[in-house]
Amino acid sequence: MAKTGTTTTQGLRSAIERSGYYPTLVSEAVEQAVGSDVVDAFLVHQETTFDANEVRRHVTVLVLTDTRFIVSHTDEQGADDTSPVPYATTSTESVKIGRISSVVVSRVVANPENYTRGTLPREVVLTIGWGAVSRIDLEPAACGDPNCDADHGYTGSATADDLSLRVSEAGDGPETVAQALAFAQALSEATARTPE
């Protein structure tokens, strides 16, 4: 991942082209969302899923500028009731850095007793919240008395879970894992610098 300016913009274009997933469509959508902003960091992640007898691809592009966090998703669809030919859907979302409420990085490492500093984890899950999507998990509340049958209401938690992206060394390669960590660090640092 390049550092700043034109080099980073060229690196972003190259990463989108390397993904091989409708690069012209994806790069145009991302470039229009970025506009005249300077790209500080980016992450391109392609995911392939199997749905019954179909293989579906999805690409997520994350871009960090001085003032915004941009998310782009592109999905392909086969011919269906709405279209007689296959089609793709691309969406972009632009979020002010100050709106990002959490950046969570979960790392999975093998043989943690032998872990050495700087070793890449085998898997990284990057979860970013900015309040667009929240999840509420509720369950019946209980007291410590196993014989109590009173209604104690509910207990639960609310979680901001706008974006969750998983990359693994086995599926995506070590370079993508390293890029995910670098992007997460750049985003965390940007949110720390930006007042709410």
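These numbers were taken from a predicted model, which means no experiment stands behind them.

Cut-offs and rules
- Residue positions are given per chain, counting from 1 as you read along its sequence in written order.
- Since the coordinates come from a predicted model, pLDDT governs what is reported: local features require at least 70, and pairs of side-chain atoms require 80 or more to be given and counted, while whole-chain, interface and lining totals use all residues.
- Heavy atoms throughout the structure, all of them, feed into the side-chain values; hydrogens and water do not.
- In DSSP terms, a helix is any run of H or I states spanning at least four residues, a strand is any run of E spanning at least two, and both are numbered starting from the N terminus.
- Take the residue count of a helix, subtract one, and multiply by 1.5 Å to get its expected span.
- Relative accessibility under 20% of the residue-type maximum defines a buried residue, over 50% an exposed one, and the middle range a partly exposed one, all with a 1.4 Å probe and only protein chains included.
- Strands qualify as paired when DSSP identifies two bridges or more between them.
- To define axes, lines are fitted to C-alpha atoms, for helices over the stretch in contact only, and angles between the resulting N-to-C directions are given on a 0 to 180 degree scale.
- In this context, the arc is that of the directions from the helix axis out to the C-beta atoms.
- One number per residue, pLDDT, summarises how confident the predictor is, and it ranges from 0 to 100.
- Whether two residues touch is decided by their heavy atoms; if any such pair falls within 4.5 Å, the residues are in contact.

What follows is about helix α4 (residues 174-193). An α-helical turn contains 3.6 residues, so any two residues separated by three or four positions project in the same direction. With 20 residues, α4 should cover 28 Å at 1.5 Å per step; its first-to-last C-alpha distance of 29 Å lies within 8% of that length. Residues of α4 that are buried include every one of Thr176, Val177, Gln179, Ala180, Leu181, Phe183, Ala184, Ala186, Leu187 and Ala190, and no others.

Now for the sheet that holds strand β6 (residues 123-129). Hydrogen bonding along the main chain pairs the strands of a sheet, whether they run parallel or antiparallel. With antiparallel pairing, three strands are arranged side by side in an open sheet as β5-β6-β9. This sheet does not close on itself; its edge strands, each paired only once, are β5 (102-108) and β9 (163-168). Strand after strand, the sheet turns through a mean of 10° between neighbouring axes, direction not considered. Sheet analysis places β5 next to β6, joined by seven bridges and oriented antiparallel.

An ideal rise of 1.5 Å per residue puts 16 Å on twelve residues; helix α2 (residues 23-34) measures up with 16 Å between its terminal C-alpha atoms. Taken together, the buried positions of α2 are occupied by Val26, Ser27, Ala29, Val30, Ala33 and Val34. The arc enclosing the buried residues of α2, seen along the axis, measures out at 160°, which places them on a common side. Projecting away from the buried face of α2 at angles above 90 degrees are the exposed residues Thr24 and Gln32. Once α2 ends, the next one or two residues include Gly35, with phi positive near 65°.

Predicted confidence across the protein gives a mean pLDDT of 87, with 91% of residues reaching 70 or more. Residue range residues 1-5 is modelled with pLDDT below 50. Its contacts to residues more than four positions away, or to other chains, number 15 contacts.

Take the pairing of strand β1 (residues 41-51) next. As defined by bridge partners, β1 adjoins strand β2 (residues 54-64) across eleven bridges and the pair is classed as antiparallel. In the strand pairing of β2, Leu43 is matched with Leu62. Counted between consecutive antiparallel strands, the loop separating β1 from β2 contains two residues, among which Ala52 sits at a positive phi close to 55°.

Moving on: the sheet that holds β1. Strand order in the open sheet formed by four strands is β1-β2-β3-β4, and the pairing between neighbours is antiparallel. The sheet is open, and its two borders are formed by β1 and β4 (87-96), each paired with just one other strand. Within this sheet the neighbouring strands show an average axis-to-axis angle of 15°, counted without direction. Where β2 and strand β3 (residues 68-77) come together, seven bridges link them in antiparallel fashion. Across the sheet, His58 pairs through a bridge with Asp75, a residue of β3. Each of β2, β3 and β4 touches α2; the most contacted strand, β3, lies at about 155° to it. In the packing of α4 onto the sheet, contacts are made with β1, β2 and β3, and the angle to β1 comes to roughly 130°.

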